[in-house]
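# Breakdown of the fold
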Amino acid sequence: MYDQLQAIEDRYEELGELLSDPEVIADTKRFMALSKEEANTRETVETYRRYKQVVQGISDAEEMLAENLDPEMTELAKEELADLKKEKEELEEKIKILLLPKDPNDDKNIIMEIRGAAGGDEAALFAGDLFNMYQRYAESQGWKVEVMDANITGIGGYKEVIMMITGDNVFSKLKYESGAHRVQRVPSTESQGRIHTSTATVVVMPEAEEVEIEIEDKDIRTDIYHASGAGGQHVNKTASAVRLTHIPTGIVVAMQDERSQLKNREKAMKVLRARVYDQMQQEARSEYDANRKSAVGTGDRSERIRTYNFPQNRVTDHRIGLTIQKLDQILSGKLDEVIDALIVYDQTSKLEELQNG
(Lines give C-alpha, C1' and ligand atoms only; values in the text may rest on other atoms or scores of the structure.)
Protein backbone atom coordinates (compact mmCIF):
# COMPACT_ATOMS: atom_id res chain seq x y z
CA MET A 1 0.00 0.00 0.00
CA TYR A 2 2.81 2.42 0.92
CA ASP A 3 4.65 1.77 -2.37
CA GLN A 4 1.42 2.75 -4.13
CA LEU A 5 1.11 5.92 -2.02
CA GLN A 6 4.72 6.88 -2.69
CA ALA A 7 4.15 6.43 -6.43
CA ILE A 8 1.07 8.67 -6.23
CA GLU A 9 3.06 11.34 -4.34
CA ASP A 10 5.91 11.17 -6.89
CA ARG A 11 3.43 11.59 -9.75
CA TYR A 12 1.75 14.50 -7.90
CA GLU A 13 5.09 16.31 -7.65
CA GLU A 14 5.76 15.60 -11.32
CA LEU A 15 2.34 17.06 -12.19
CA GLY A 16 3.20 20.24 -10.25
CA GLU A 17 6.29 20.68 -12.40
CA LEU A 18 4.45 19.92 -15.65
CA LEU A 19 1.68 22.43 -14.84
CA SER A 20 4.24 25.24 -14.57
CA ASP A 21 5.87 24.27 -17.90
CA PRO A 22 5.11 26.95 -20.56
CA GLU A 23 4.70 24.26 -23.27
CA VAL A 24 2.03 22.47 -21.21
CA ILE A 25 0.28 25.75 -20.34
CA ALA A 26 0.11 26.57 -24.08
CA ASP A 27 -1.58 23.21 -24.79
CA THR A 28 -5.03 23.84 -23.27
CA LYS A 29 -6.29 20.27 -23.66
CA ARG A 30 -3.21 18.73 -22.00
CA PHE A 31 -3.15 21.40 -19.28
CA MET A 32 -6.82 20.68 -18.42
CA ALA A 33 -6.22 16.91 -18.30
CA LEU A 34 -3.15 17.26 -16.04
CA SER A 35 -4.95 19.78 -13.79
CA LYS A 36 -7.78 17.30 -13.37
CA GLU A 37 -5.34 14.49 -12.56
CA GLU A 38 -3.61 16.70 -9.97
CA ALA A 39 -6.93 17.66 -8.36
CA ASN A 40 -8.00 14.00 -8.21
CA THR A 41 -4.83 12.95 -6.34
CA ARG A 42 -4.44 16.00 -4.07
CA GLU A 43 -6.44 14.65 -1.10
CA THR A 44 -4.62 11.29 -1.22
CA VAL A 45 -1.21 12.97 -1.25
CA GLU A 46 -2.10 15.42 1.55
CA THR A 47 -3.41 12.54 3.69
CA TYR A 48 -0.29 10.45 3.01
CA ARG A 49 1.99 13.38 3.90
CA ARG A 50 0.14 13.91 7.17
CA TYR A 51 0.38 10.16 7.82
CA LYS A 52 4.18 10.30 7.42
CA GLN A 53 4.34 13.25 9.86
CA VAL A 54 2.25 11.32 12.41
CA VAL A 55 4.44 8.20 12.12
CA GLN A 56 7.53 10.38 12.69
CA GLY A 57 5.79 12.05 15.63
CA ILE A 58 5.06 8.66 17.22
CA SER A 59 8.71 7.67 16.81
CA ASP A 60 9.87 10.96 18.43
CA ALA A 61 7.43 10.63 21.35
CA GLU A 62 8.53 7.03 21.99
CA GLU A 63 12.19 8.17 22.03
CA MET A 64 11.35 10.86 24.58
CA LEU A 65 9.63 8.32 26.82
CA ALA A 66 12.65 6.02 26.59
CA GLU A 67 14.88 8.82 27.88
CA ASN A 68 13.05 8.90 31.26
CA LEU A 69 12.68 12.68 31.40
CA ASP A 70 11.10 14.56 34.29
CA PRO A 71 7.49 13.52 35.17
CA GLU A 72 5.89 16.57 33.49
CA MET A 73 7.66 15.97 30.15
CA THR A 74 6.90 12.24 30.37
CA GLU A 75 3.18 12.99 30.88
CA LEU A 76 3.17 15.35 27.88
CA ALA A 77 4.90 12.74 25.72
CA LYS A 78 2.35 10.09 26.77
CA GLU A 79 -0.57 12.37 25.88
CA GLU A 80 0.95 13.25 22.53
CA LEU A 81 1.67 9.59 21.79
CA ALA A 82 -1.95 8.60 22.55
CA ASP A 83 -3.29 11.39 20.28
CA LEU A 84 -0.92 10.50 17.44
CA LYS A 85 -1.73 6.76 17.59
CA LYS A 86 -5.45 7.58 17.39
CA GLU A 87 -4.84 9.89 14.41
CA LYS A 88 -2.67 7.22 12.73
CA GLU A 89 -5.56 4.72 12.87
CA GLU A 90 -7.99 7.29 11.46
CA LEU A 91 -5.59 8.18 8.64
CA GLU A 92 -5.06 4.50 7.77
CA GLU A 93 -8.84 4.06 7.39
CA LYS A 94 -9.07 7.21 5.26
CA ILE A 95 -6.17 6.08 3.05
CA LYS A 96 -7.86 2.70 2.45
CA ILE A 97 -10.97 4.51 1.20
CA LEU A 98 -8.94 6.94 -0.94
CA LEU A 99 -7.18 4.00 -2.60
CA LEU A 100 -10.43 2.20 -3.48
CA PRO A 101 -10.91 1.80 -7.26
CA LYS A 102 -12.55 5.00 -8.47
CA ASP A 103 -15.71 4.97 -10.56
CA PRO A 104 -14.50 6.50 -13.86
CA ASN A 105 -17.79 8.41 -14.12
CA ASP A 106 -17.57 10.06 -10.68
CA ASP A 107 -16.33 13.44 -11.87
CA LYS A 108 -18.78 13.65 -14.76
CA ASN A 109 -21.80 15.86 -15.32
CA ILE A 110 -25.16 14.08 -15.42
CA ILE A 111 -28.43 13.94 -17.25
CA MET A 112 -31.27 13.31 -14.81
CA GLU A 113 -34.75 12.20 -15.85
CA ILE A 114 -37.67 12.38 -13.40
CA ARG A 115 -41.08 10.91 -14.26
CA GLY A 116 -44.38 10.69 -12.44
CA ALA A 117 -45.19 6.96 -12.19
CA ALA A 118 -48.03 5.29 -10.23
CA GLY A 119 -50.58 7.73 -8.83
CA GLY A 120 -51.73 10.02 -11.65
CA ASP A 121 -51.78 13.75 -10.82
CA GLU A 122 -50.33 13.16 -7.36
CA ALA A 123 -47.35 11.28 -8.87
CA ALA A 124 -46.76 14.18 -11.29
CA LEU A 125 -46.86 16.68 -8.40
CA PHE A 126 -44.38 14.54 -6.47
CA ALA A 127 -42.10 14.42 -9.55
CA GLY A 128 -42.21 18.24 -9.38
CA ASP A 129 -41.22 18.13 -5.69
CA LEU A 130 -38.22 15.91 -6.53
CA PHE A 131 -37.26 18.20 -9.40
CA ASN A 132 -37.26 21.23 -7.03
CA MET A 133 -35.34 19.23 -4.39
CA TYR A 134 -32.52 18.33 -6.81
CA GLN A 135 -32.44 21.88 -8.22
CA ARG A 136 -31.95 23.34 -4.74
CA TYR A 137 -29.35 20.72 -3.83
CA ALA A 138 -27.47 21.53 -7.05
CA GLU A 139 -27.53 25.25 -6.17
CA SER A 140 -26.09 24.49 -2.71
CA GLN A 141 -23.22 22.59 -4.41
CA GLY A 142 -22.49 25.43 -6.85
CA TRP A 143 -23.64 23.33 -9.82
CA LYS A 144 -25.52 24.57 -12.89
CA VAL A 145 -28.92 23.11 -13.85
CA GLU A 146 -30.28 23.26 -17.39
CA VAL A 147 -33.79 21.97 -18.06
CA MET A 148 -33.60 20.17 -21.40
CA ASP A 149 -37.22 19.09 -21.74
CA ALA A 150 -40.32 19.19 -19.54
CA ASN A 151 -43.85 17.85 -19.85
CA ILE A 152 -45.90 19.86 -17.32
CA THR A 153 -49.40 18.79 -16.26
CA GLY A 154 -52.34 21.16 -15.95
CA ILE A 155 -52.03 21.31 -12.13
CA GLY A 156 -48.31 22.13 -12.16
CA GLY A 157 -46.78 18.68 -11.80
CA TYR A 158 -44.40 16.96 -14.20
CA LYS A 159 -45.18 13.89 -16.27
CA GLU A 160 -41.50 14.04 -17.21
CA VAL A 161 -38.60 16.45 -16.79
CA ILE A 162 -35.08 16.02 -18.18
CA MET A 163 -32.27 18.20 -16.87
CA MET A 164 -28.52 18.43 -17.21
CA ILE A 165 -26.51 19.16 -14.06
CA THR A 166 -22.94 20.36 -14.55
CA GLY A 167 -20.21 20.98 -12.00
CA ASP A 168 -17.59 19.22 -9.89
CA ASN A 169 -18.18 15.52 -9.07
CA VAL A 170 -21.90 15.64 -9.86
CA PHE A 171 -22.21 11.93 -10.71
CA SER A 172 -20.28 10.86 -7.58
CA LYS A 173 -22.95 12.47 -5.37
CA LEU A 174 -26.13 11.84 -7.34
CA LYS A 175 -25.48 8.37 -8.80
CA TYR A 176 -27.34 6.69 -5.91
CA GLU A 177 -30.59 8.56 -6.71
CA SER A 178 -31.66 6.26 -9.58
CA GLY A 179 -34.74 4.22 -8.72
CA ALA A 180 -38.37 4.52 -7.60
CA HIS A 181 -39.13 7.21 -5.00
CA ARG A 182 -42.37 6.74 -3.05
CA VAL A 183 -44.45 9.45 -1.39
CA GLN A 184 -47.11 8.98 1.31
CA ARG A 185 -49.30 12.02 1.93
CA VAL A 186 -52.84 13.40 1.86
CA PRO A 187 -53.39 14.95 -1.60
CA SER A 188 -54.94 18.45 -1.70
CA THR A 189 -57.86 16.96 -3.65
CA GLU A 190 -58.58 14.37 -0.92
CA SER A 191 -61.59 15.51 1.14
CA GLN A 192 -61.59 12.52 3.54
CA GLY A 193 -58.03 13.11 4.72
CA ARG A 194 -56.83 9.70 3.51
CA ILE A 195 -53.14 9.11 2.89
CA HIS A 196 -52.31 8.19 -0.70
CA THR A 197 -49.16 6.44 -1.92
CA SER A 198 -47.65 7.52 -5.25
CA THR A 199 -44.32 7.01 -6.96
CA ALA A 200 -41.96 8.86 -9.25
CA THR A 201 -38.90 7.41 -10.93
CA VAL A 202 -35.48 9.02 -11.16
CA VAL A 203 -32.77 8.02 -13.64
CA VAL A 204 -29.25 9.46 -13.30
CA MET A 205 -26.90 9.00 -16.26
CA PRO A 206 -23.32 10.26 -16.67
CA GLU A 207 -22.86 12.62 -19.58
CA ALA A 208 -21.14 10.71 -22.38
CA GLU A 209 -18.52 12.47 -24.47
CA GLU A 210 -18.31 11.79 -28.22
CA VAL A 211 -14.90 10.19 -27.71
CA GLU A 212 -16.41 7.67 -25.27
CA ILE A 213 -19.31 6.58 -27.40
CA GLU A 214 -19.45 7.10 -31.13
CA ILE A 215 -22.93 6.99 -32.60
CA GLU A 216 -22.82 6.79 -36.37
CA ASP A 217 -25.28 8.76 -38.50
CA LYS A 218 -26.43 5.57 -40.23
CA ASP A 219 -27.59 4.24 -36.83
CA ILE A 220 -29.90 7.21 -36.20
CA ARG A 221 -33.32 7.84 -37.71
CA THR A 222 -34.32 11.50 -37.45
CA ASP A 223 -37.93 12.70 -37.54
CA ILE A 224 -38.79 16.41 -37.64
CA TYR A 225 -42.27 17.53 -36.60
CA HIS A 226 -44.26 20.52 -35.30
CA ALA A 227 -43.88 21.23 -31.59
CA SER A 228 -47.07 20.90 -29.57
CA GLY A 229 -48.29 22.91 -26.60
CA ALA A 230 -47.32 26.43 -25.56
CA GLY A 231 -45.23 28.56 -27.85
CA GLY A 232 -47.55 30.87 -29.81
CA GLN A 233 -47.80 31.02 -33.58
CA HIS A 234 -44.38 29.47 -34.26
CA VAL A 235 -45.87 26.13 -33.20
CA ASN A 236 -47.88 26.00 -36.39
CA LYS A 237 -45.28 27.61 -38.66
CA THR A 238 -42.01 25.90 -37.74
CA ALA A 239 -41.22 22.21 -37.69
CA SER A 240 -38.62 22.50 -34.89
CA ALA A 241 -39.26 19.40 -32.76
CA VAL A 242 -36.79 16.56 -33.26
CA ARG A 243 -37.16 12.85 -32.58
CA LEU A 244 -34.03 10.66 -32.75
CA THR A 245 -34.23 6.87 -32.81
CA HIS A 246 -31.08 4.84 -32.20
CA ILE A 247 -31.76 1.86 -34.47
CA PRO A 248 -29.44 -0.75 -32.81
CA THR A 249 -30.95 -0.25 -29.30
CA GLY A 250 -34.39 1.15 -30.12
CA ILE A 251 -33.78 4.10 -27.76
CA VAL A 252 -35.91 7.11 -28.71
CA VAL A 253 -35.37 10.73 -27.65
CA ALA A 254 -37.75 13.55 -28.57
CA MET A 255 -36.94 17.21 -27.91
CA GLN A 256 -39.10 20.26 -28.58
CA ASP A 257 -38.19 22.78 -25.89
CA GLU A 258 -36.21 25.09 -28.18
CA ARG A 259 -37.57 27.09 -31.11
CA SER A 260 -34.56 26.07 -33.18
CA GLN A 261 -34.49 22.64 -34.81
CA LEU A 262 -30.68 22.64 -34.55
CA LYS A 263 -30.72 23.31 -30.79
CA ASN A 264 -33.34 20.61 -30.25
CA ARG A 265 -31.19 18.17 -32.20
CA GLU A 266 -28.10 19.06 -30.12
CA LYS A 267 -30.01 18.47 -26.88
CA ALA A 268 -31.55 15.25 -28.19
CA MET A 269 -28.08 13.97 -29.17
CA LYS A 270 -26.74 14.66 -25.66
CA VAL A 271 -29.59 12.70 -24.09
CA LEU A 272 -29.36 9.91 -26.69
CA ARG A 273 -25.61 9.55 -26.16
CA ALA A 274 -26.11 9.39 -22.38
CA ARG A 275 -28.90 6.79 -22.67
CA VAL A 276 -26.92 4.54 -25.05
CA TYR A 277 -23.78 4.83 -22.87
CA ASP A 278 -25.88 4.15 -19.78
CA GLN A 279 -27.47 1.05 -21.32
CA MET A 280 -24.05 -0.32 -22.23
CA GLN A 281 -22.87 0.28 -18.65
CA GLN A 282 -26.01 -1.28 -17.17
CA GLU A 283 -25.42 -4.45 -19.18
CA ALA A 284 -21.78 -4.62 -18.08
CA ARG A 285 -22.73 -3.87 -14.46
CA SER A 286 -25.55 -6.43 -14.18
CA GLU A 287 -23.02 -9.24 -14.39
CA TYR A 288 -20.78 -7.55 -11.81
CA ASP A 289 -23.69 -6.82 -9.44
CA ALA A 290 -24.82 -10.45 -9.64
CA ASN A 291 -21.53 -11.38 -7.98
CA ARG A 292 -21.62 -8.50 -5.53
CA LYS A 293 -23.22 -9.07 -2.13
CA SER A 294 -24.25 -5.50 -1.39
CA ALA A 295 -24.63 -2.95 -4.15
CA VAL A 296 -26.25 0.37 -3.15
CA GLY A 297 -28.28 0.33 -6.32
CA THR A 298 -26.92 2.21 -9.23
CA GLY A 299 -28.38 -0.93 -10.77
CA ASP A 300 -32.05 -1.87 -10.91
CA ARG A 301 -34.02 1.18 -11.99
CA SER A 302 -37.35 -0.23 -10.77
CA GLU A 303 -36.05 -0.77 -7.24
CA ARG A 304 -37.96 1.24 -4.60
CA ILE A 305 -35.14 3.13 -2.95
CA ARG A 306 -36.75 5.77 -0.74
CA THR A 307 -40.02 6.72 0.96
CA TYR A 308 -41.06 10.30 1.77
CA ASN A 309 -43.75 10.20 4.49
CA PHE A 310 -45.41 13.61 4.98
CA PRO A 311 -47.59 12.91 8.07
CA GLN A 312 -44.49 11.81 10.03
CA ASN A 313 -42.04 14.28 8.38
CA ARG A 314 -39.95 11.18 7.68
CA VAL A 315 -37.61 10.05 4.91
CA THR A 316 -36.43 6.42 4.77
CA ASP A 317 -33.76 5.08 2.45
CA HIS A 318 -34.57 1.37 2.20
CA ARG A 319 -31.19 0.27 0.86
CA ILE A 320 -29.24 1.26 3.93
CA GLY A 321 -31.99 1.34 6.57
CA LEU A 322 -31.59 5.09 7.13
CA THR A 323 -34.54 7.02 8.60
CA ILE A 324 -34.45 10.79 9.12
CA GLN A 325 -37.24 12.91 10.61
CA LYS A 326 -36.39 15.91 8.40
CA LEU A 327 -38.60 15.55 5.32
CA ASP A 328 -39.18 19.30 5.05
CA GLN A 329 -35.43 20.04 5.09
CA ILE A 330 -34.61 17.26 2.61
CA LEU A 331 -37.25 18.46 0.13
CA SER A 332 -35.77 21.96 0.44
CA GLY A 333 -32.51 20.53 -0.98
CA LYS A 334 -30.61 19.64 2.20
CA LEU A 335 -29.65 16.19 0.94
CA ASP A 336 -26.12 15.96 2.36
CA GLU A 337 -27.01 13.70 5.29
CA VAL A 338 -28.63 11.11 3.00
CA ILE A 339 -26.00 11.29 0.25
CA ASP A 340 -23.07 11.13 2.69
CA ALA A 341 -24.59 8.04 4.37
CA LEU A 342 -24.97 6.32 0.98
CA ILE A 343 -21.37 7.11 0.01
CA VAL A 344 -20.02 5.78 3.34
CA TYR A 345 -22.15 2.63 3.04
CA ASP A 346 -20.91 1.98 -0.50
CA GLN A 347 -17.27 2.59 0.45
CA THR A 348 -17.57 0.31 3.50
CA SER A 349 -19.12 -2.43 1.36
CA LYS A 350 -16.29 -2.17 -1.18
CA LEU A 351 -13.66 -2.29 1.58
CA GLU A 352 -15.27 -5.46 3.02
CA GLU A 353 -15.30 -7.04 -0.43
CA LEU A 354 -11.60 -6.27 -0.92
CA GLN A 355 -10.71 -7.63 2.53
CA ASN A 356 -12.78 -10.77 2.04
CA GLY A 357 -11.13 -11.32 -1.35
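Here the structure is a predicted model, which is why all the values come from computation and not from measurement.

### What to know about the overall build of the protein
Counting its regular elements, the protein contains 10 helices and 11 strands. Nonlocal contacts in the protein, meaning residues at least 24 apart in sequence, comprise 61% of its contacts between residues at least 6 apart. Accessible surface computed for the protein: about 19,500 Å², of which carbon and sulfur atoms make up 48%.

### Considerations on the pattern of salt bridges
Across all of its chains, the model carries 26 salt bridges by this definition. The partner of Glu9 in a salt bridge is Arg49, and the shortest N-O contact between them spans 2.8 Å. With Glu9 in helix H1 (residues 2-18) and Arg49 in helix H3 (residues 28-66), this pair connects stretches of sequence that are 40 residues apart. Classification of Arg49 as partly exposed rests on a relative accessible area of 32%. Arg115 is the salt-bridge partner of Glu160, the closest N and O atoms lying 2.8 Å from each other.

### As for the UniProt feature "coiled-coil region" (unreviewed entry) in the protein
Annotation from UniProt places "coiled-coil region" (unreviewed entry) at residues 74-101. Counted over residues 74-101, helix gives 89% and strand 0%. Its end C-alpha atoms are 43 Å apart.

### Quick word on the pairing of strand E9 (residues 304-309)
With 5 of 6 residues buried, E9 is to be regarded as a mostly interior element. As paired elements, strand E4 (residues 179-185) and E9 share 5 bridges and run parallel to each other. Considered in E9, the bridge of Gln184 is made with Asn309. As judged from the 4 bridges shared by E9 and strand E10 (residues 314-317), these two strands associate in the antiparallel manner. Paired with Thr307 across the strands is Thr316, a residue of E10. Once E9 ends, the chain turns through 4 residues before running back antiparallel as E10, passing Asn313 with a positive phi of about 50°.

### Regarding the packing of H1 against H3
At a minimum axis separation of 8 Å, H1 and H3 run at an interaxial angle of 135°. In terms of orientation, H1 lies oblique with respect to H3. As H1 runs across H3, the sense of the crossing is left-handed. On H3, the residues that touch Tyr2, Leu5, Gln6, Ile8, Glu9, Arg11, Tyr12, Glu13, Leu15 and Leu18 of H1 are Arg30, Leu34, Glu37, Glu38, Thr41, Arg42, Thr44, Val45, Tyr48, Arg49, Tyr51 and Lys52.

### Topic: the packing of aromatic side chains
As enumerated under the stated definition, the model contains 3 aromatic pairs in all. A centroid spacing of 5.3 Å and a plane angle of 65° characterise the contact between Phe126 and Tyr308, whose relative ring orientation is edge-to-face. Taken as a pair, Phe126 in helix H5 (residues 120-140) and Tyr308 in strand E9 lie far apart in primary sequence, 182 residues in all. The buried category is assigned to Phe126, whose relative accessible area is 0%. On the basis of relative accessible area, Tyr308 is assigned to the buried category, the value being 0%. Pairing Tyr137 with Trp143 gives two aromatic rings, centres 5.6 Å apart and planes at 85°, and the pair type is edge-to-face. Classification of Tyr137 by relative accessible area gives buried; the value is 1%. When its relative accessible area of 9% is taken as the criterion, Trp143 is described as buried.

### Section: the pairing of strand E1 (residues 110-116)
Most of E1 is tucked away, with 5 of its 7 residues classed as buried. For E1 and strand E5 (residues 196-206), the ladder comprises 7 bridges, and the chain directions are antiparallel. From the neighbouring strand, Glu113 faces E5, where its bridge partner is Val203.

### A short note on the nonpolar core
Counting residues in hydrophobic clusters, the biggest one holds 36 residues, and the most contacted among them are Met112, Ile114, Leu130, Tyr134, Leu174 and Tyr308. Only E1, H5, strand E3 (158-166), helix H6 (170-174), E5, helix H9 (327-331) and helix H10 (336-355) provide two or more residues apiece to this core. When residues of this core are assigned to their parent elements, the largest contribution, 8 residues, is made by H5. Contacts of Tyr308, omitting those with residues within four sequence positions, involve Phe126, Leu130, Met133, His181, Arg182, Val183, Gln184, Arg314, Val315, Leu327 and Leu331. Within the second largest apolar cluster, 19 residues are counted, among which are Ile111, Met148, Met269 and Leu272.

### Quick look at the layout of surface pockets
Each pocket or cavity is described by its volume, and for the largest pocket that value is around 1,300 Å³. Forming the walls of the largest pocket are 37 residues, and the residues nearest its centre are Asn40, Lys102, Asp106, Asn169 and Ser172. Residue assignment for the lining of the largest pocket shows that the elements contributing at least two residues are H1, H3, helix H4 (71-98), H6 and H10. Top contributing element to the lining of the largest pocket by residue count: H3, with 8 residues. Among the residues making up the lining of the largest pocket, the classes are represented as 10 nonpolar, 10 polar and 17 charged. Summarising the domain contributions, the lining of the largest pocket has at least three residues from each of domain 1 (1-99) and domain 2 (110-210 + 295-356).

Reading the values: rules and limits
- Residues numbered from 1 in each chain as written.
- Predicted model: local features only at pLDDT ≥ 70, side-chain atom pairs only at ≥ 80, totals over all residues.
- Heavy atoms only, no water.
- Helix = DSSP H or I, 4+ residues; strand = E, 2+ residues; numbered from the N terminus.
- Contact = heavy atoms within 4.5 Å.
- Areas by Shrake-Rupley, 256 points an atom, 1.4 Å probe, with all protein chains shown as cover.
- Salt bridge = Lys/Arg side-chain N within 4 Å of Asp/Glu carboxyl O.
- Buried < 20%, exposed > 50% of the residue type's maximum accessible area, 1.4 Å probe, protein only.
- UniProt positions renumbered as here; feature names shortened; annotations may be inferred.
- Pairing = 2+ DSSP bridges.
- Axes fitted to C-alpha atoms, helices over the stretch in contact; angles between N-to-C directions.
- Parallel < 35°, antiparallel > 145°, perpendicular 65-115°, else oblique.
- Left-handed = near helix turned anticlockwise from the far one by under 90°.
- Phe/Tyr/Trp six-rings, centres within 6.5 Å; stacked < 30°, edge-to-face > 60°.
- Core = buried A, V, L, I, M, F, W, Y, C linked by side-chain atoms within 4.5 Å.
- 1 Å grid on protein atoms, 1.4 Å probe; cavity = no way out; pocket = protein on both sides within 12 Å on 5 of 7 lines; lining within 4 Å.
- Points joined across faces, edges and corners; volume = space filled by probe spheres on them.
- Nonpolar A, V, L, I, M, F, W, Y, C, P; charged D, E, K, R; others polar.
- Domains from an automatic or database assignment.

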